[in-house]
Amino acid sequence: MEDNKKNLKLAIIFFGIALALFIVNKIVNYEGGPKKQLENLMEHVGKTYYEQVFYHDFNDKDNNYAILKSFEKDGITIDLDTAMYNIGYETDKFVNHKTNQQCDLKNSYIYIYPKSPYGMKDYKIDVELSCGY
């Protein structure tokens with residue numbers, strides 16, 4: 001009877017350790033999955049586009065404020081293909097990992113919302129990925 005209790009305790013301990021290791025592994029290796037990774041890459045493309053192309057197209061600081069303020073509510077919308085072309089990114093990174101098909105770059109959108117005080121890094125980005133997920 002006492003051996004059965006020891007075996008049960010050992011089984012519970014081993015199960016607890018295995019469960020803890022499984023949870024730690026999931027937490028350490030979690031990156032949000034393939035779709036989230038592509039959305040993060042899209043956000044990076046949007047950030048690069050806004051800071052290196054869109055924002056620098058305006059030279060007059062006083063005029064920048066008025067122009068960027070006009071986009072604060074509705075945002076700046078650009079398709080992923082155009083943004084990537086403007087910053088020189090390769091499109092081959094945007095692939096559905098389940099089907100191995102290229103994402104629809106013309107129907108994937110980056111929405112950039114400038115925020116006060118409308119400096120180069122004062123904005124929010126949302127993305128809409130069209131990739132079959």
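Note: the structure precedes this text.
This one's a predicted model, so the numbers in the text were calculated from it and none came from an experiment.

(A) Spotlight on the overall build of the protein. Helices and strands together make up the secondary structure of the protein, namely four helices and three strands. What you see in the protein, going N to C, is helices and strands ordered as α-α-α-β-α-β-β. Taking 14 Å as the expected radius of gyration for a compact globule of 133 residues, we find that the protein reaches 24 Å, considerably beyond that expectation. The dimensions of the protein, computed from C-alpha atoms along their principal axes, are 85 × 35 × 20 Å. Split into buried and exposed, the 133 residues of the protein put 29% on the buried side. Within the protein, contacts between residues separated by at least 24 positions form 67% of all contacts whose residues are at least 6 apart in sequence. Counting 16 positive and 19 negative side-chain charges, the protein places the centres of these two groups 10 Å from one another.

(B) Focus on the pattern of salt bridges. Throughout the structure, instances matching the rule amount to four salt bridges. A salt bridge links lysine 121 to glutamate 51, with the nearest nitrogen and oxygen atoms 3.1 Å apart. Here lysine 121 is found in the loop between strand 2 (109–114) and strand 3 (123–128), whereas its partner glutamate 51 is found in helix 2 (residues 33–54), with 70 residues between them in sequence. Overall, the relative accessible area of 53% leaves lysine 121 in the exposed class. Residue glutamate 51 is classed as buried on the basis of its relative accessible area, which comes to 10%.

(C) Inspection of the environment of threonine 99 at higher detail. Residue placement: threonine 99 occurs in the loop between helix 4 (80–87) and strand 2. Since its relative accessible area comes to 45%, threonine 99 is described here as partly exposed. Distance in space between the C-alpha atoms of threonine 99 and tyrosine 133 is 9.6 Å, their sequence separation being 34 residues.

(D) Up close: the nonpolar core. One finds Val45, Tyr49, Tyr50, Leu80, Phe94, Ile110 and Ile112 to be the most contacted residues of the largest nonpolar core, which totals 25 residues. Counting residues per element, the ones that place at least two in this core are helix 2, strand 1 (76–79), helix 4, strand 2 and strand 3. Ranked by residue count, the leading element in this core is helix 2, at seven residues. Look past the residues within four positions of leucine 80 in its chain and what remains in contact with it is Met42, Val45, Phe94, Leu105, Ser108 and Ile110.

(E) Representation of unusual backbone geometry. Omega for the peptide link from serine 116 to proline 117 comes to 15 degrees, which places this bond in the cis form. We note that asparagine 100 has phi near 60 degrees; this positive angle belongs to a residue other than glycine. Here asparagine 100 shows up in the loop between helix 4 and strand 2. Of note, the phi angle at tyrosine 118 is positive, near 65 degrees, even though the residue is not glycine. Take tyrosine 118: it is sitting in the loop between strand 2 and strand 3.

(F) Summary view of the sheet that holds strand 3. Spatial strand order, 1-2-3: three strands in an open sheet with antiparallel pairing. The open sheet has two edge strands with one neighbour each: strand 1 and strand 3. Sheet twist, expressed as the mean angle between neighbouring strand axes with direction ignored, is 20 degrees. Relative to strand 2, strand 1 is paired through four bridges, and the arrangement is antiparallel. Across the sheet, isoleucine 78 pairs through a bridge with isoleucine 110, a residue of strand 2. Contacts between helix 2 and the sheet are confined to strand 1, strand 2 and strand 3, with strand 3 contributing the most and set at about 135 degrees to the helix.

The rules behind these values
- Residues numbered from 1 in each chain as written.
- Predicted model: local features only at pLDDT ≥ 70, side-chain atom pairs only at ≥ 80, totals over all residues.
- Heavy atoms only, no water.
- Helix = DSSP H or I, 4+ residues; strand = E, 2+ residues; numbered from the N terminus.
- Rg over C-alpha atoms; globule rule 2.2 N^0.38 Å.
- Buried < 20%, exposed > 50% of the residue type's maximum accessible area, 1.4 Å probe, protein only.
- Contact = heavy atoms within 4.5 Å.
- Lys, Arg positive; Asp, Glu negative; His and termini not counted.
- Charge placed at Lys NZ, Arg CZ, Asp CG, Glu CD.
- Salt bridge = Lys/Arg side-chain N within 4 Å of Asp/Glu carboxyl O.
- Core = buried A, V, L, I, M, F, W, Y, C linked by side-chain atoms within 4.5 Å.
- Pairing = 2+ DSSP bridges.
- Axes fitted to C-alpha atoms, helices over the stretch in contact; angles between N-to-C directions.

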